[in-house]
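The chain contents come next:
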Amino acid sequence: METKSFSRYFQFFLIILAAGSIYPLIYLKTNYQETILEVFDISLADLNGIFSALGVAFILGYFPSGWLADRFSSKKLIFISLLVCGLTGIWFAQVPSYPIVIVIFTIWGLFSVFTFWSAHLKLVKLISKKEEEGRFFGALDGGKGIVEAILASIAIFIFSSILGTSSEYVHKKEALQAVVYMYSAVLILVSILFLIFVKEDKSSIRQAASASNPKNKTKFDIKIFKKIFNNKFVWLLGGIIFTSYIVAWSVYYLGGFLQTNIKINAATVGQVTVIMLWMRPIGGFLGGFLGDKFGKSNILIAALGMSTILLFAVALSPITLPHMYYYILIVTTGLMVYIIRGLYWSLLGDCNIKEEVLGLSIGFISFLGYLPDILIPVVNIYFFNTYGDHGGYNAYFIFCALASVAAIMITVIFKLNVKKRNKRMIGTAEFNITG
């Protein structure tokens, strides 16, 4: 029994490693935006265009990723995802031309969502026992944050060691390449560990194969989709995630803001954003604890309210204020964002979704909620073209603050509807008992 438990936990640890290491390479702009722009000789508009292509690949992948995970081995899908992203990272480190960079990000988008997203969530579900699911999924998000923060700390150490006090292009290029190689090597290593130590769930594969057999298929039923589309909680949760995810996107631009608007050097910006990344495990675990104690919706609303204030402060504070003021502001904003990210999916249990349509519902909610992956880069192209490099950041953070207000409103509506439904259910139950 002890050997089996160790095996399960080690496999879960590898899933956390996989989920925590696959996305930082894609979002290097969080810590190294200005360096990327200089090394690749591209503009911020170009970078936003790259992330628009990435967002399209993401959005197209969310819904069908569940279908793929039901028909192929999750272990093999994750192995392929990690390996391809790692090898493509080595390609990216060669500093290719702009069109090739778009191709690389499209590949990253495809192999980090379509072949990975549902596969890694399904594998956690298979590994965890029924009574452990809450803990496992909670630990998944917090663990991802820890892995990301550790890797980011190693990366900034490598970057700072190579760059030193130099501001020359050649040293910036070498420092950025070393960081990309490090992340790529980790992905390739984890992919190999995954292939060796994670077990296949053969019974699950057989069931999926049986379900996909034409003889066992039932006729396509549009009622399945009606169950999803007629559930107002699905739409409300999609709206909560959509607006909250706009707020969450703000962390990817805080580093660029410090360097461009506040004139802080690249190494210091990297250190501040790494501290901000350490807020993810803290925010995830803290948000979950407070949500269980005081209500998930209540803590989400409180975190969104704080984010609104903080984002307005980032956008509107005079740039002459001490740098420490901005360091505290940025780190605190990161904490609030990661509390929000740790909480919005926890509302899924309040949506009253039938088990037979849970997978498709999650896919549809993901499709709605993560649309900002496409929209935000386009919005920012407009902001930066209209208001310039400095004003663009201010306009963007005000936009995020307004999205936070909208998220609060939708969450309040969601909470009131849940209360109304629960009262109605209690009333119906009491009527049936007394009747």
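This structure is a prediction, so every number in the text was calculated from the model and none was measured.

If you walk through the whole model with that rule in mind, you get 34 aromatic pairs. Seen from their ring centres, F10 and F197 are 5.3 Å apart, and the 90 degrees between their planes marks the pair as edge-to-face. Here F10, found in helix α1 (residues 2–22), pairs with F197, found in helix α8 (residues 169–197); they are 187 residues apart in sequence, far enough to count as distant. For K29, the ring lying beneath its charged end belongs to F51, and the centroid distance is 4.7 Å. The ring of F233 is capped by R421, whose NZ or CZ atom sits 4.9 Å from the centre of that ring.

Time to look at helix α12 (residues 251–260). Of all the 10 residues making up α12, 9 are buried; the element is thus mostly covered by neighbouring parts of the structure. Within the sequence span of α12, burial applies to V251, Y252, Y253, L254, G255, G256, F257, L258 and T260.

On average, residues of the protein chain score 85 in pLDDT, and 88% of them are at 70 or above. In this model residues 216–220 is a low-confidence stretch, pLDDT under 50, and it forms 4 contacts with partners more than four residues away in sequence or in other chains.

The next point concerns the environment of L311. For L311, the position within the fold is in helix α15 (residues 296–316). Separated by 22 residues in the primary sequence, L311 and T333 have C-alpha atoms spaced 7.3 Å apart. When sequence neighbours within four positions are dropped, the list of residues in contact with L311 reads V247, S250, T333, F397, C400 and A401.

Conventions and cut-offs
- Residues numbered from 1 in each chain as written.
- Predicted model: local features only at pLDDT ≥ 70, side-chain atom pairs only at ≥ 80, totals over all residues.
- Heavy atoms only, no water.
- Phe/Tyr/Trp six-rings, centres within 6.5 Å; stacked < 30°, edge-to-face > 60°.
- Helix = DSSP H or I, 4+ residues; strand = E, 2+ residues; numbered from the N terminus.
- Lys NZ or Arg CZ within 6 Å of the ring centre and 35° of its normal.
- Buried < 20%, exposed > 50% of the residue type's maximum accessible area, 1.4 Å probe, protein only.
- pLDDT = per-residue confidence, 0-100.
- Contact = heavy atoms within 4.5 Å.

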